[in-house]
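Each chain, letter by letter, is given below.
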Amino acid sequence: MLANARLETLVFFVTDLPRSAAFYRDVLGLALTVEDSHEGPMATAQAGSVTLVLLERTVWVGETPIPVFSLDGGIDDCADALVAHGVEIVTPVSEAPDGGLTLDFLDPDGTVLSLHQPMGAARRR
């Protein structure tokens, strides 16, 4: 059923929309649009071909997806930038099962976000 489907949207439940919007905009560098929806204010952003939607509501850890953002290189530079912004690193840069590199960190609501860099790509830009 989903073999030929492609992921197009990820919805995140966040406890404080302005705080989360600032994180995704200022720390992760995504251009966000904040608008009203039938469920109240929401923020949207494009991360490549995937639309991220932030909706404010009560959140329990594990209730929202774990997105993996693909990098073409520079994962160590990303790790340094996240630490400089005071972001909590859950799993430091380490080898991924496919031989590439991975890094897991938390957004303001404790949602795990992951970066993945393919095998052979430069760790620094």
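See the structure printed just above.
Everything quoted here is computed from the prediction, not taken from an experiment. (Residues numbered from 1 in each chain as written. Predicted model: local features only at pLDDT ≥ 70, side-chain atom pairs only at ≥ 80, totals over all residues. Heavy atoms only, no water.)

A. Focus on the environment of threonine 9. Mapped onto the elements of the fold, threonine 9 is located in strand E1 (residues 9-14). Residues threonine 9 and threonine 51, 42 residues apart in the sequence, show an inter-C-alpha distance of 4.6 Å. Leaving out residues up to four positions away in the same chain, threonine 9 has contacts with Val50, Thr51 and Val53. (Helix = DSSP H or I, 4+ residues; strand = E, 2+ residues; numbered from the N terminus. Contact = heavy atoms within 4.5 Å.)

B. Structural view of helix H1 (residues 17-27). Buried within H1 we find Leu17, Ser20, Ala21, Phe23 and Tyr24. The arc that holds the buried residues of H1, viewed along the axis, is 155°, so those residues lie on one side. Buried positions along H1 lie against E1, strand E2 (32-37), strand E3 (40-47), strand E4 (50-56), strand E7 (101-106) and strand E8 (112-117). In the segment just after H1, glycine 29 is the residue with positive phi, at about 75°. (Buried < 20%, exposed > 50% of the residue type's maximum accessible area, 1.4 Å probe, protein only. Arc of directions from axis to C-beta.)

C. Layout of the packing of aromatic side chains. Taken as a whole and assessed by the stated rule, the structure comprises two aromatic pairs. Measuring from centroid to centroid gives 5.8 Å for phenylalanine 12 and tyrosine 24, while their planes differ by 50°, and the two rings are tilted. Here tyrosine 24 lies in helix H1 and phenylalanine 12 lies in strand E1, a separation of twelve residues in the sequence. Residue phenylalanine 12 is classed as buried on the basis of its relative accessible area, which comes to 0%. Between phenylalanine 23 and tyrosine 24 the ring centres are 5.4 Å apart and the planes differ by 80°, which places this aromatic pair in the edge-to-face class. You can call tyrosine 24 buried: its relative accessible area is 1%. What links up through ring pairs into an aromatic cluster is the set Phe12, Phe23 and Tyr24. (Phe/Tyr/Trp six-rings, centres within 6.5 Å; stacked < 30°, edge-to-face > 60°.)

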